[in-house]
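Each chain, written out:
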There are 2 protein chains.
Amino acid sequence: MNEYKLALLGFGNVGRAFLELLTTKATEIKKRYDILLDLTGIATRSHGIVIDPGGISLSTAQSFVDLKSKTGLAHMDSVEEFLDHCSADIVVEAIPVNYLDGEPALAYLRRALQNGMHVVSANKGPVVHGYPSLTELAKKEKLKYRFESAVMDGAPIFSLWREALPALQLDSFEGILNSTTNYVLMRIEAGESFQEAIASAQQIGIAETDPSGDLEGWDAAVKAAALITVLMEIPALPQQIERVGITHLTESEIRAAADQGKRWKLVCRAKRVGNNFQASVQPEAVDSSSILFQVSGTSSVITFKSDALGDLTIIEKNPGPSTTAYGMLSDVISIATESS
Amino acid sequence: MNEYKLALLGFGNVGRAFLELLTTKATEIKKRYDILLDLTGIATRSHGIVIDPGGISLSTAQSFVDLKSKTGLAHMDSVEEFLDHCSADIVVEAIPVNYLDGEPALAYLRRALQNGMHVVSANKGPVVHGYPSLTELAKKEKLKYRFESAVMDGAPIFSLWREALPALQLDSFEGILNSTTNYVLMRIEAGESFQEAIASAQQIGIAETDPSGDLEGWDAAVKAAALITVLMEIPALPQQIERVGITHLTESEIRAAADQGKRWKLVCRAKRVGNNFQASVQPEAVDSSSILFQVSGTSSVITFKSDALGDLTIIEKNPGPSTTAYGMLSDVISIATESS
């Protein structure tokens, strides 16, 4: 039986869902993979830091958060200090994304690797802003950097390509990668105004207070850049992706398309062009002959074209914090079983 | 650099496509995985047997087959003898399926394992009729038994669950797993008679001279049984699956559905019920709100429901011998990299 100590960065919806899933699945993981996963540290922005080498239960974590104080059980001032003293085997990161430069997550992941810990990150920021340096650092330290949940939540995308599609060249992809815009467009089709649709998205917890990152296509562009960087092995920045959001669409345009049997979708497209790529994120009115037409609400979809398979499509229906948490857990198990 | 000798059983469309792909991808595989894959033996039913420890090129294999003689370069009478003397590391099997008992493929795979060779099989027969004993034998001999192409050709299904979805419990699935019926139904919708549609399917090489295995739902039932056996870990036989084929549908029924915006599909459904399962293969008229509606012609689709992810759908568009070959190659690479 191999034991792995986990340290969690961030304890929002996703972090909590991760601890819940870890608790639910512990027995099965022990039985099936002969590994013991113990959460021994949590570092948060608002609730301080807790370290307990004996293991932190779900109820302890919850009561710690409920204190709503800046100081947890461990008297530490910074995540950096936490990363230097948490003595975990795997750092699991789920803090808010920063589209611009991936910080501070990028620095945290780097520090974790430098301190000899594997890293699992649900964050797309570090993928687009630090993938080459993080993978190189991980390789040098004989550690792993995994980020399944960075795109399409828990749906297996990166692990699919890494583990199940060897020697396959990705030539292009297209898909719907942003839940918020897809949900907002569906609500407007159903009769809501733009404002109401955004409020609905905020109510179910998929849109931020400032939803412009989603609506202007930044989130989709960052995800497309992450996929190009990792799966096509061509470093890509979101700024290099032609980007048009959905804010210039009018409610009447959206409903007129619906009347004609079409649906507006914020579509990501990318293709390999020699050693480079061309990519765009922009609204398209698709008709019912397209798979994209079927994918509504918070669901997402991607179709891959490659050199040796026909079009391969993956659809993830109604993801949420618990599915993101599953993607993180799958990364943790993959690291633990490979290291055992 | 690790070298792996491959022996191929069967040299029909799939076997040939496999050797073509192996030849095309050799340099990339060498570079990326530091492994050398050499085909050193082929055993066929109609063209005899060839063994060449120095490696068999695509052109040699082709000219060997063109001889159309019962005797190849090696003077052997049986596949059994071939398996006893081919000295390969991995046996790659692509002979015709036998729905009833999986033979003779099952016996070949067993013999290959007993002789110390890993096995890759594109054959669903041995999966449903021998999965527990083959996996046990492989484990005992510290060898691998892989069969990615047995269901949905080269689309990653078994490897997805094995490698990318750890600790996930499959609760149910539904999908279209038989290309021939899906193609025949599409042609009838477009105006062909049942006879013409079957002839069309035979012309593009997806239907046998006797197409009843497809039309009566046996092929779909065997695939569903394979998925239940491996992914739900409940041994299932095709005979245990409620099965209705498409032959009782009339051309006018099929076209009437199309006029109402529906499409008949041969749908596989399976769900876990306690320690057992319930499964069926039967025609259903689905409307355009279903993902199944979109999947026409030779394409196939499966949607998985599990305990920790939302519905996860995989669609494979227009598969063929070359995509089946890719599934086999992905198994070979997976075995080689795990053993290196």
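Further up the page is the structure itself.
How each quantity is defined
- Residues numbered from 1 in each chain as written.
- Chains lettered and ligands numbered in written order.
- Predicted model: local features only at pLDDT ≥ 70, side-chain atom pairs only at ≥ 80, totals over all residues.
- Heavy atoms only, no water.
- Contact = heavy atoms within 4.5 Å.
- Buried area = accessible area lost by both parts, 1.4 Å probe.
- Salt bridge = Lys/Arg side-chain N within 4 Å of Asp/Glu carboxyl O.
- Polar contact = N/O pair within 3.5 Å; in protein donor to acceptor, adjacent residues only side chain to side chain.
- Helix = DSSP H or I, 4+ residues; strand = E, 2+ residues; numbered from the N terminus.
- Least-squares fit on C-alpha atoms with pLDDT ≥ 70 in both.
- Buried < 20%, exposed > 50% of the residue type's maximum accessible area, 1.4 Å probe, protein only.
- Arc of directions from axis to C-beta.
- Core = buried A, V, L, I, M, F, W, Y, C linked by side-chain atoms within 4.5 Å.
- Pairing = 2+ DSSP bridges.
- Axes fitted to C-alpha atoms, helices over the stretch in contact; angles between N-to-C directions.
- Phe/Tyr/Trp six-rings, centres within 6.5 Å; stacked < 30°, edge-to-face > 60°.
- Lys NZ or Arg CZ within 6 Å of the ring centre and 35° of its normal.

Draft legend 1. Structural view of the interface of chain A and chain B. On the side of chain B, 40 residues touch chain A, which itself brings 40 residues to the contact. Together chain A and chain B conceal approximately 3,300 Å² of surface at their shared face, both sides included; 60% is due to carbon and sulfur atoms. The largest contributions to the chain A side of the interface with chain B come from A167, Q294 and Y326 of chain A, which together make up 19% of the buried area. Here chain A and chain B share 4 salt bridges between them. Between R32 of chain A and E233 of chain B there is a salt bridge; the shortest N-O distance is 2.8 Å. Run the count over chain A and chain B and you get 18 residue pairs in polar contact (both at pLDDT 80 or more). Those elements that place two or more of their residues in the side of chain A that touches chain B are α1 (13-33), α6 (158-164), α12 (291-294), β12 (312-316) and α13 (321-339) of chain A. For the side of chain A that touches chain B, the element with the highest residue contribution is α1 of chain A, accounting for 6 residues.

Draft legend 2. Region of interest: the relation of the copies chain A and chain B. Overlaying chain A on chain B yields an RMSD of 0.0 Å, the required transformation being a rotation through 180° with an accompanying axial translation of 0.0 Å. Each copy turns onto its partner about a two-fold axis. No C-alpha of chain A lies nearer the rotation axis than that of I314 of chain A, which sits 2.4 Å from it. Here 100% of the contact residues of chain A are again contact residues in chain B; the copies associate through an equivalent surface.

Draft legend 3. Just helix α4 (residues 105-114) of chain A, in detail. Residue and element names in this part refer to chain A. Three or more residues of α4 are buried, namely A105, L106, Y108, L109, A112 and L113. With its buried residues spanning 165° around the axis, α4 presents them on a single face. On its buried side, α4 packs onto β1 (2-9), α3 (79-85), β4 (90-93), β5 (118-121), α5 (124-140) and β6 (145-146). Backbone geometry just after α4 places G116 at a positive phi near 85°.

Draft legend 4. Structural detail: the nonpolar core. With 232 residues, the main nonpolar core has L37 of chain A together with L37 of chain B as its most contacted residues. Judged by nonpolar contacts, the second largest core, of 18 residues, contains I176, L292 and I315 of chain A together with V286 of chain B.

Draft legend 5. Summary view of the sheet that holds strand β2 (residues 35-43) of chain B. Residue and element names in this part refer to chain B. Strand order across the open sheet formed by 6 strands is β3-β2-β1-β4-β5-β6, with mixed pairing between neighbours. Here the strands that pair on one side only, and so sit at the sheet edges, are β3 (49-51) and β6 (145-146). One ladder, built from 4 bridges, connects strand β4 (residues 90-93) with strand β5 (residues 118-121); its direction is parallel. Along β5, the bridge assignment pairs E93 with S121. Set on the sheet, helix α4 (residues 105-114) makes contact with β1 (2-9), β4, β5 and β6; between it and β5 the angle comes to about 155°.

Draft legend 6. Seen up close, the packing of aromatic side chains. One pass over the full model with this rule turns up 8 aromatic pairs over all chains. Ring plane angle 50° and centroid distance 4.9 Å describe the contact between Y145 of chain B and F147 of chain B, whose orientation is recorded as tilted. Among the aromatic residues, those joined into a cluster by ring pairs are Y131, Y145, F147 and F158 of chain A. A cation over an aromatic ring shows up here: R243 of chain A above the ring of W218 of chain A, its NZ or CZ 3.8 Å from the ring centre.

Draft legend 7. Representation of the pairing of β1 of chain B in the model. All names here are of chain B. Sheet analysis places β1 next to β2, joined by 8 bridges and oriented parallel. Bridge pairing in β2 links L6 to L39. Of the strand pairs in this sheet, β1 and β4 are connected by 4 bridges, and their pairing is parallel. Opposite L6, over in β4, you have I90 as the bridge partner.

Draft legend 8. How the structure looks around the environment of C268 of chain B. With respect to the helices and strands, C268 of chain B occurs in strand β9 (residues 262-273). Not counting chain neighbours up to four residues away, the residues in contact with C268 of chain B comprise F173, E174, G175, L177, A220, S280 and V281 of chain B.

Draft legend 9. The sheet that holds strand β8 (residues 242-243) of chain A, seen in detail. Strand order in the open sheet formed by 12 strands is β8(A)-β10(A)-β9(A)-β7(A)-β11(A)-β12(A)-β12(B)-β11(B)-β7(B)-β9(B)-β10(B)-β8(B), and the pairing between neighbours is mixed. Whereas interior strands pair on both sides, the edge strands pair on one side only; in this sheet they are β8 of chain A together with β8 (242-243) of chain B. Of the strand pairs in this sheet, β9 of chain B and strand β10 (residues 276-287) of chain B are connected by 12 bridges, and their pairing is antiparallel. Of the residues in β10 of chain B, the one forming a bridge with K271 of chain B is Q278 of chain B.

Draft legend 10. How the structure looks around the pairing of strand β7 (residues 170-176) of chain A. Residue and element names in this part refer to chain A. β7 sits mainly inside the fold: 5 of its 7 residues count as buried. In this sheet, strand β11 (residues 300-306) lies alongside β7 in antiparallel orientation, the contact comprising 6 bridges. Within β11, the residue paired with F173 across the bridge is F304. The sheet contact formed by β7 and strand β9 (residues 262-273) spans 4 bridges and is antiparallel. Considered in β9, the bridge of E174 is made with R269.

Scope: geometric values only; no functional claims are made or implied.
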